[in-house]
Amino acid sequence: MNRRQERGITTRDVVLVALFAAIIVALGLVPPITVGIVPVPITLQTLGVMLAGAVLGPVRGALACGLVVLLTAVGLPVLAGGRGGLGVFAGPTGGYLVGWIPGALVTGLMVKYWAAKLTRGWAKAGAVLAACVAGGIVVVYALGIPWLSVSSGLPLREAALGGMVFVPGDLIKAVAAALVAHGVARSYSMELK
Amino acid sequence: MTAPAGPAPGAAPGERPSAAEAPAPVIELHGVSVGYDGRTVLSGLDLRLAERRIGVIGQNGSGKSTLARLLNGLVVPDEGRVLVDGRDTRTDGRRVRSEVGFVFQNPDNQIVFPIVAEDMAFGLKNLGLPKKEIPGRVAEALESFGIGHLAERHSHLLSGGEKQLVALASVMVMRPRTVVFDEPTTLLDLRNRNRIRDAVDAMAPAAVVVTHDLELVSGYDRVLVVHEGGIAFDGAPGEAVAWYREHCS
Amino acid sequence: MNTSLYVPGDTPLHRLPAGAKFGVLFAAGIGLFLLAHPAVLGAAAAVAAALVLSARAPLGALRARLLPVGVMLAVLFAATALLQDAGTAVAMLLRLAALILLALAVTLTTRPADLLEFFERLTAPLARVGVANPERISLGVSLVLRFVPEVFRRFQEIREAQAARGLKANPVALLVPLIVRTLKAADDVADAIDARCYPPPRRPSGGARTEENAT
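Here the residue numbers are simple positions, counted from 1 along each chain's written sequence. To label them, take the chains in the order written and letter them from A, then take the ligands in the order written and number them from 1. Reporting in this predicted model follows two pLDDT cut-offs: at least 70 for local features of residues, and 80 or more for side-chain atom pairs to be given and counted; totals over whole chains, interfaces and linings ignore these cut-offs and use all residues. Hydrogens and water molecules were not included; the side-chain quantities draw on all heavy atoms of the structure.

Going by what an unreviewed UniProt entry lists, chain B is known as ABC transporter ATP-binding protein and is assigned to Nocardiopsis endophytica. UniProt positions are given in the numbering used here, feature names are shortened, and annotations may be inferred rather than shown by experiment. Regarding chain B, the UniProt comment filed under Sequence similarities (unreviewed entry) reads as follows: "Belongs to the ABC transporter superfamily."

Under an unreviewed UniProt entry, the name given to chain A is Biotin transporter, and the source organism is Nocardiopsis endophytica. Among the UniProt annotations of chain A, the heading Subcellular location (unreviewed entry) holds the following wording: "Cell membrane". Quoted verbatim from the Sequence similarities (unreviewed entry) field of UniProt, the annotation for chain A is "Belongs to the BioY family."

A. Highlighting the overall build of chain B. Counting secondary structure elements, chain B contains seven helices and 11 strands. Seen along its three principal axes, the alpha-carbon backbone of chain B occupies a region of about 45 × 40 × 35 Å. Think of it in three bands: with a 1.4 Å probe and only protein chains considered, a residue is buried below 20% of the maximum accessible area for its type, exposed above 50%, and partly exposed in between. Burial status across chain B gives 59% buried among its 249 residues. Pairs of residues are marked as contacts when any of their non-hydrogen atoms sit within 4.5 Å. In chain B, once contacts between residues fewer than 6 apart in sequence are set aside, the share between residues at least 24 apart is 68%. Here the open area of atoms and residues is found with the Shrake-Rupley method and a 1.4 Å probe, where only the protein chains shown may cover a residue. Within the structure as shown, chain B displays about 10,000 Å² of accessible surface, and the carbon and sulfur contribution to it stands at 51%. The helix and strand labels rest on DSSP assignments: H or I over at least four residues marks a helix, E over at least two residues marks a strand, and numbering proceeds from the N terminus.

B. Main features of the overall build of chain A. When its secondary structure is counted, chain A shows eight helices and one strand. Restricting the calculation to C-alpha atoms gives the radius of gyration, and the globule rule supplies 2.2 Å times the number of residues raised to the power 0.38. Relative to the globule expectation of 16 Å for 193 residues, the C-alpha radius of gyration of chain A, 17 Å, shows essentially globular dimensions. Dimensions of chain A, computed from the C-alpha atoms along their principal axes, are close to 55 × 40 × 30 Å. By the burial criterion, 58% of the 193 residues in chain A qualify as buried. Taking the contacts inside chain A whose residues are at least 6 apart along the sequence as the reference set, 70% of them involve residues at least 24 apart. Entry remark: accessible area of chain A is about 7,500 Å², with carbon and sulfur atoms responsible for 71%. We count Lys and Arg on the positive side and Asp and Glu on the negative side, and we leave His and both chain ends out. For this purpose, a charge sits on NZ of Lys, CZ of Arg, CG of Asp or CD of Glu. Positive and negative side-chain charges of chain A, numbering 14 and 5 respectively, have mean locations separated by a distance of 8 Å.

C. Molecular detail of the interface of chain C and chain A. Listed as interface residues are 59 residues of chain C and, on the opposing side, 60 residues of chain A. Each salt bridge in this description consists of a side-chain nitrogen of Lys or Arg and a carboxyl oxygen of Asp or Glu lying within 4 Å of one another. Counting the contacts that link chain C with chain A gives one salt bridge. In this structure, A:Arg12 and C:Asp187 form a salt bridge, with 2.6 Å as the shortest nitrogen-oxygen distance. N or O atoms closer than or at 3.5 Å make up a polar contact, with two conditions inside protein: a donor-capable atom paired with an acceptor-capable one, and, for residues adjacent in sequence, both atoms drawn from side chains. In this structure, the connection of chain C to chain A is made through six residue pairs in polar contact (both at pLDDT 80 or more). Elements that contribute at least two residues to the side of chain C that touches chain A include exactly helix H2 (18–34), helix H4 (59–83), helix H5 (86–109), helix H6 (112–122), helix H8 (134–164) and helix H9 (171–195) of chain C. Think of it as three bins: nonpolar holds Ala, Val, Leu, Ile, Met, Phe, Trp, Tyr, Cys and Pro, charged holds Asp, Glu, Lys and Arg, and polar takes everything else, Gly as well. Partitioning the side of chain C that touches chain A into residue classes produces 44 nonpolar, eight polar and seven charged.

D. Spatial organisation of the sheet that holds strand E3 (residues 53–58) of chain B. All names here are of chain B. When DSSP finds at least two bridges between two strands, those strands are taken to pair. With respect to topology, six strands assemble into an open sheet ordered E7-E8-E9-E3-E10-E11, the strand pairing being mixed. Edge positions in the open sheet fall to strand E7 (100–103) and strand E11 (230–235), since each of these has one partner strand only. In this sheet, neighbouring strand axes are inclined to one another by 20 degrees on average, regardless of whether the strands run parallel or antiparallel. Judged from the five bridges that link them, strand E10 (residues 222–227) and E11 form a sheet pairing that is antiparallel. When the bridges of E11 are listed, Val226 appears paired with Ile231. Geometry is summarised by axes, namely lines fitted to C-alpha atoms with helices restricted to the contacting stretch, and by angles between N-to-C directions that run from 0 to 180 degrees.

E. Region of interest: the UniProt feature "domain: ABC transporter" (unreviewed entry) in chain B. Taking the UniProt record as the reference, the feature "domain: ABC transporter" (unreviewed entry) is found at residues 27–248 of chain B. Regarding residues 27–248 of chain B, the helix share stands at 33% and the strand share at 29%, and the terminal C-alpha atoms are separated by 27 Å.

F. Structural context of the sheet that holds strand E2 (residues 39–49) of chain B. Residues and elements named next belong to chain B. Spatially, the four strands line up as an open sheet ordered E2-E1-E5-E6, and their pairing is antiparallel. Two strands bound the open sheet, and with one partner strand each, they are E2 and strand E6 (87–88). Sheet analysis places strand E1 (residues 27–36) next to E2, joined by seven bridges and oriented antiparallel. Each bridged residue has a counterpart across the sheet, and for Tyr36 the counterpart in E2 is Arg39.

G. The arrangement of the UniProt feature "transmembrane region" (unreviewed entry) in chain A in detail. Residue and element names in this part refer to chain A. Here the UniProt-annotated "transmembrane region" (unreviewed entry) positions come out as residues 12–30, 36–56, 63–82, 94–115, 127–148 and 160–185. Span residues 12–30 is 95% helix and 0% strand, its end C-alpha atoms 27 Å apart. In residues 94–115, helix accounts for 91% and strand for 0%; the two terminal C-alpha atoms are 30 Å from one another.

H. Quick peek at the pattern of salt bridges. Under the definition given, this model contains 31 salt bridges over all chains. If you follow the salt bridges from partner to partner, you end up with B:Asp108, B:Lys163, C:Arg146, C:Glu150, C:Arg153, C:Glu157 and C:Arg181 in one network.

I. Molecular detail of the packing of aromatic side chains. Classification of ring pairs rests on two measures: the distance between centres of Phe, Tyr or Trp rings, Trp counted by its six-membered ring, which must be within 6.5 Å, and the angle between planes, read as stacked under 30 degrees, edge-to-face over 60 and tilted in between. Inspection of every chain in the model, using the stated rule, returns nine aromatic pairs over all chains. Ring geometry for B:Phe122 and C:Tyr198: centres 5.9 Å apart, planes at 20 degrees, overall stacked. Pair noted here: B:Phe122 is in helix H3 (residues 116–126) and C:Tyr198 is in the loop between H9 and helix H10 (207–214), and the two residues belong to different chains. Each member of the pair, B:Phe122 together with C:Tyr198, is buried. Geometrically, the ring pair formed by C:Phe118 and C:Phe119 is tilted, given 5.8 Å between the ring centres and 45 degrees between the ring planes. Note on accessibility: C:Phe118 and C:Phe119 belong to one class, buried. Taken together, C:Phe22, C:Phe26, C:Phe118 and C:Phe119 form an aromatic cluster joined through their ring pairs. Counting as a charge over the ring demands two things of the Lys NZ or Arg CZ atom: a distance within 6 Å of the ring centre and an angle within 35 degrees of the ring normal. Lying over the aromatic face of C:Phe147, C:Arg146 brings its terminal NZ or CZ to 4.9 Å of the ring centre.

J. Just the side chain of C:Thr80, in detail. Looking at where C:Thr80 falls in the secondary structure, it is placed in helix H4. Of the residues examined, C:Thr80 reaches a relative accessible area of 0% and is grouped as buried. Those residues within four positions of C:Thr80 in sequence are excluded, and the remaining contacts are A:Ser152, A:Leu154, C:Asp85, C:Thr88, C:Ala89 and C:Met92.

K. Here's a closer look at a nonpolar patch on the surface. Patches were defined on residues exceeding 30% relative accessible area and lacking a salt bridge, with like-charge contacts within 9 Å and nonpolar side-chain contacts (Val, Leu, Ile, Met, Phe, Trp, Tyr) within 5 Å. On the surface, A:Leu105, A:Leu109 and A:Tyr113 cluster together into a nonpolar patch covering about 270 Å² of accessible area. As for its position among the elements, A:Tyr113 is in helix H5 (residues 94–113).

L. Quick peek at the confidence of the model for chain B. Residue and element names in this part refer to chain B. Along the chain, pLDDT gives the predictor's confidence residue by residue, from 0 to 100. Averaged over every residue, the pLDDT of chain B is 87; the share at 70 or more is 91%. Of all secondary-structure elements in chain B, the lowest mean pLDDT belongs to helix H6 (residues 190–202), at 87, while E7 reaches the highest, 95. Contacts from residues 1–19, a stretch scored under 50 in pLDDT, to residues over four places away or in other chains number 32 contacts. Overall fold confidence (pTM) sits at 0.86, and the ipTM for the predicted complex is 0.89.

M. Representation of the pairing of strand E5 (residues 79–84) of chain B in the model. All names here are of chain B. As judged from the five bridges shared by E1 and E5, these two strands associate in the antiparallel manner. Paired with Ile27 across the strands is Val84, a residue of E5. Pairing of E5 with E6 involves two bridges; the strand directions are antiparallel. Its bridge partner lying in E6, Val84 is registered against Arg87. Between the antiparallel neighbours E5 and E6 lie two residues, among them Asp85 with a positive phi of about 50 degrees.

Right under this line is the structure:
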């Protein structure tokens, strides 16, 4: 069918970005889920960040996260636990939030230009998982930890060690994100953008 | 909670007095074919639509929803042309959409702003209406559907029937010359279905109503039956419904 | 979700324009990191606390905002004191407290719409070269606010349906249908937006005109 084509960002892109941002916000409203192995309850919001990149693609994924960051900045309680406002950026964990934007971008780039081109099922699944780990963990921490260090005066090394507490939970989220992305791709095929 | 049906929708004082008599725009389809994923949905359609009330009936997957979207350029044909008063939907889509309104099946996906009044104002802003004229137009349109009290409500807290009326009002506020409906009553209970039916019957612009609801189109000027990608029957409502019952059920 | 963290009022901070408040906060964000003297930082924190109180927000709201931050700061204070020294820890605590309170004062006294408009003006140069599009950003913001309750409702429906079939809450089984349904809805939403003649006609070009309108 010949839907009207526009160059660049279409109305549909704007809607996809906004609806995914809405999913990320809604995931913050879900009570944290406790997973058997880890004693720490995990919130699903960062799972949404990985999914934004993996499902929508790099540009739209990053824009979806950017929209959530913007809503946080203007004072809406869009983060897990009803947090929001400029204080989030002033605080020691602001870097993790800002890191969502490049994080979703990197996940999206890896899925679009690498994982999506693989044909064997297990190789593709592994690549999507690697993309979620790289974008949703490595990139996010790469902004989060230095920000924490500067903000708190902790040396970078100690800040990094402290940040490791969250790695097990985030790894589980990356696995879940890869499984969800796989499930979504099976029932709704969409070009990555 | 639903409000009592208000005064005749679309005919409120302050509406353009000529609206009720304004002729429907002429919509012409010339050799229109549309496919999707290599499958033909509609093929070789030639139609001229100018009546004030036109019904379109057909089974699921018959292509009637695609036909509806052709009329305002939401879908443009792979082959052939669709002209609205001579304007090609392919090249002049935005202009066509300012005259041909569209009401969707699911109002949840049609109301795009968190507050009802904001949603009503959206179309007017898109038409480039001066800011100071917008609140008056919005209030007037809500009143004409008897839902003035919903103006400051949150969209997601409305009932199903209220949502469909808001969706209809948000199209009517733009004063289109004709309105295309894509199964407007499918998701509604009987009471709300009747409210929408009455609203459509009473409104000033012309209407093309795509529906499963055979009774809805019984008083219309003309009814088309879409079947297997073409127009299988075209005529008076009674005969069209009879043809549909015989061949499609 | 439909309630913002903004608290309506008519205090001097409320009356200050969003841009001025944001500018002070931004300057403080840099300035406070250049200072290390505990007395100066302490004074800054005291001023920030006074500003928060001047916003006359209900105490319950303040407690809800500040309690989680307080816990986090306490943990950081302990860690810094142990790993570094008490002096650094005190400076960190006062500096962050000042900054977070100042940011809270801005958030409490500034309508989200005003901040959004300020950010739009800030990015106007980007918009002029076509990188950002304020029209789309404001549509995106409205769509998020419109659809968060719908997405959350869908989430609960799916969870209930799965619980009724005896399935345990499983993020993967929940999220796949939620995302698929949302992506499918996106096509309809985009059609509905286009059907109502989006985007609005372009304003007469020229930055000067836009600036006049913005102020």
